[in-house]
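Residue-level listing of the chains:
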Amino acid sequence: MLSKQGEVVVRVFAVACLTAAAVLAGQGAWAGEDRDTRRDVREDTRGNAGHGTRSGAGAGQGAPADGGERILFRFKDSRITESSGLAVSPTGKDVYYTHNDSSAGPVFFAVGPDGRTRATFTLRGAASRDWEGMAASTDPQTGRGVLWFADIGDNLEGAWPDISVYKVAEPATLSDAVVPAVRYRFRYEDGGHNAEGILVHPRTGRLSIVTKQFAGAVYQAPKRLRTDRANVLRKVGSAPIMATDAAYAPDGSSFVIRTYFSATVYRAPGEQIARVTMPELRQAESITYTRDGRYLLTGSEGSRSPVYRVPLPEEVLGAAAPEPTSARRQAAPSPTSGAAGGPEPTPVARVRAGEDGSAASGVPTSAVLLWLAIAAGAVGAITLIARRTR
């Protein structure tokens, strides 16, 4: 039994741990909020049509010629307060889809390039327990767009017996409507997880979920989904710490995973190509590719939240592009290839892991030091308690 002094030490240490956890969760999300706001005001004043770019932060060597990251638009609709998912229409020009986070109803919005809502759609018979992400693909048989909405949030890490993803045919016209949805239920092979990222391969339609954890992972669904029972998600690779969204490139050659701190491009689970620095946002929640696959779009929660366009350097685009079949046949496996059998991460200028002061996993060095301080504090507290209670 602890002495009074020991109890005090334990309580103080617990408060310190909770404080540190709050700091880690918010780092990269809330840090720099004032700077982000001032920069947004400056860029809005300059205009969003190619002005107000930050070539030093977003362009990098080999980036597209029209500059670095910039605000593409801001959501104008007062109902869009927690934009948690983002997707580009696979068939319509200048149409962007988004949805709110939990407790907002099974509703999604079609938004134009000026940030104004062009239509609002409600999913018939669907629930919105905790919508956290969406994806867009094309039906290979009909050529029609398909939208996927992921009700996969689980802040209690296993509170729900299963999670759901809704499949919706992309509306043919941009006018308010109620649309039918097909519900697919899922469960993880190793128990419940919190997740915010959904991946749908544009060629095969294969679905994957990216968990949001300190030891995140990519879980793949069966090739054919069933509606009469829960589909089992099986782990196929690791994911960066606290992943908030994910998306496939339009050609399926690569995918990106977003965190609060940065974004990482992969050729396949475990086969990293490069890490891309993201703009500072209040709470980085969404990411997707433009239709041409040359840019990333990333957004944030909040009223009138911005959507940024971030160019992918040419080196990343080249590394992500699939090699011709003949080249793959001639290339011999390298003895220094990655653990998953893929190539080593491409040494891209400005996109190299760790160049911005972060660890390769996307965790800032300051966060690592904070964890080490917590561990040292734990050892000290335990030692003191042991001495006091002997």
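If you're wondering where the values come from, they're calculated on a predicted model, not measured in any experiment.

Asks: Is there a simple way to explain the overall build of the protein chain in this structure?
Replies: Looking only at helices and strands, one finds six helices and 21 strands in the protein chain. A total accessible area of about 18200 Å² is found for the protein chain, and carbon and sulfur atoms account for 54% of it.

Asks: Where do I start with the nonpolar core in this structure?
Replies: Counting 21 residues, the largest nonpolar core has Val256, Val265, Met278, Tyr289, Leu296 and Leu312 as the members making the most contacts within it. In this structure, Trp148, Ile198, Ala221 and Leu233 belong to the second largest nonpolar core, which totals 19 residues.

Asks: Help me understand the sheet that holds strand S5 (residues 117-124) in this model?
Replies: Strand pairing in a sheet relies on backbone hydrogen bonds, with the paired strands running either antiparallel or parallel. If you trace the five strands from one edge of the open sheet to the other, you get S2-S3-S4-S5-S9, paired in mixed fashion. Strands with a single pairing partner mark the edges of an open sheet, and in this sheet they are strand S2 (85-88) and strand S9 (177-180). On average, adjacent strands in this sheet sit at an angle of 30° to one another, irrespective of strand direction.

Asks: Looking at this structure, how should I read unusual backbone geometry?
Replies: Glycine aside, negative phi is the norm for most residues, and most peptide bonds take the trans geometry. The phi angle at glutamate 157 is positive, at roughly 55°, despite the residue not being glycine. Relative to the helices and strands, glutamate 157 is located in the loop between strand S7 (145-151) and strand S8 (163-169).

Asks: Would you mind showing me how to read the packing of aromatic side chains here?
Replies: By convention here, two paired aromatic rings are described through the distance between centres and the angle between planes. Applying the stated rule across the entire model yields 10 aromatic pairs. Considering the side-chain rings of phenylalanine 73 and phenylalanine 75, the 5.4 Å spacing of their centres and the 80° angle between planes classify their relative orientation as edge-to-face. Summarising the burial analysis for this pair, phenylalanine 73 and phenylalanine 75 share the class buried. Over the ring of tyrosine 295 we find arginine 309; its NZ or CZ atom is 3.9 Å from the centre of that ring.

Asks: Looking at this structure, how should I read the environment of glutamate 170?
Replies: Within the secondary structure layout, glutamate 170 lies in the loop between S8 and S9. Classification of glutamate 170 as buried rests on a relative accessible area of 4%. When the C-alpha atoms of glutamate 170 and threonine 138 are compared, they prove to be 9.2 Å apart, with 32 residues separating the residues in sequence. The residues contacting glutamate 170, other than those within four sequence positions of it, are Ser89, Pro90, Thr91, Gly92, Tyr97, Arg144, Gly145, Val146 and Leu147.

Asks: Looking at this structure, I do not really get the side chain of arginine 74. What am I missing?
Replies: As for its position among the elements, arginine 74 is in strand S1 (residues 70-74). For arginine 74, the side chain forms a polar contact with the main-chain oxygen of arginine 304, separated by 2.9 Å.

The rules behind the values
Residues numbered from 1 in each chain as written. Predicted model: local features only at pLDDT ≥ 70, side-chain atom pairs only at ≥ 80, totals over all residues. Heavy atoms only, no water. Helix = DSSP H or I, 4+ residues; strand = E, 2+ residues; numbered from the N terminus. Areas by Shrake-Rupley, 256 points an atom, 1.4 Å probe, with all protein chains shown as cover. Core = buried A, V, L, I, M, F, W, Y, C linked by side-chain atoms within 4.5 Å. Buried < 20%, exposed > 50% of the residue type's maximum accessible area, 1.4 Å probe, protein only. Pairing = 2+ DSSP bridges. Axes fitted to C-alpha atoms, helices over the stretch in contact; angles between N-to-C directions. Phe/Tyr/Trp six-rings, centres within 6.5 Å; stacked < 30°, edge-to-face > 60°. Lys NZ or Arg CZ within 6 Å of the ring centre and 35° of its normal. Contact = heavy atoms within 4.5 Å. Polar contact = N/O pair within 3.5 Å; in protein donor to acceptor, adjacent residues only side chain to side chain.

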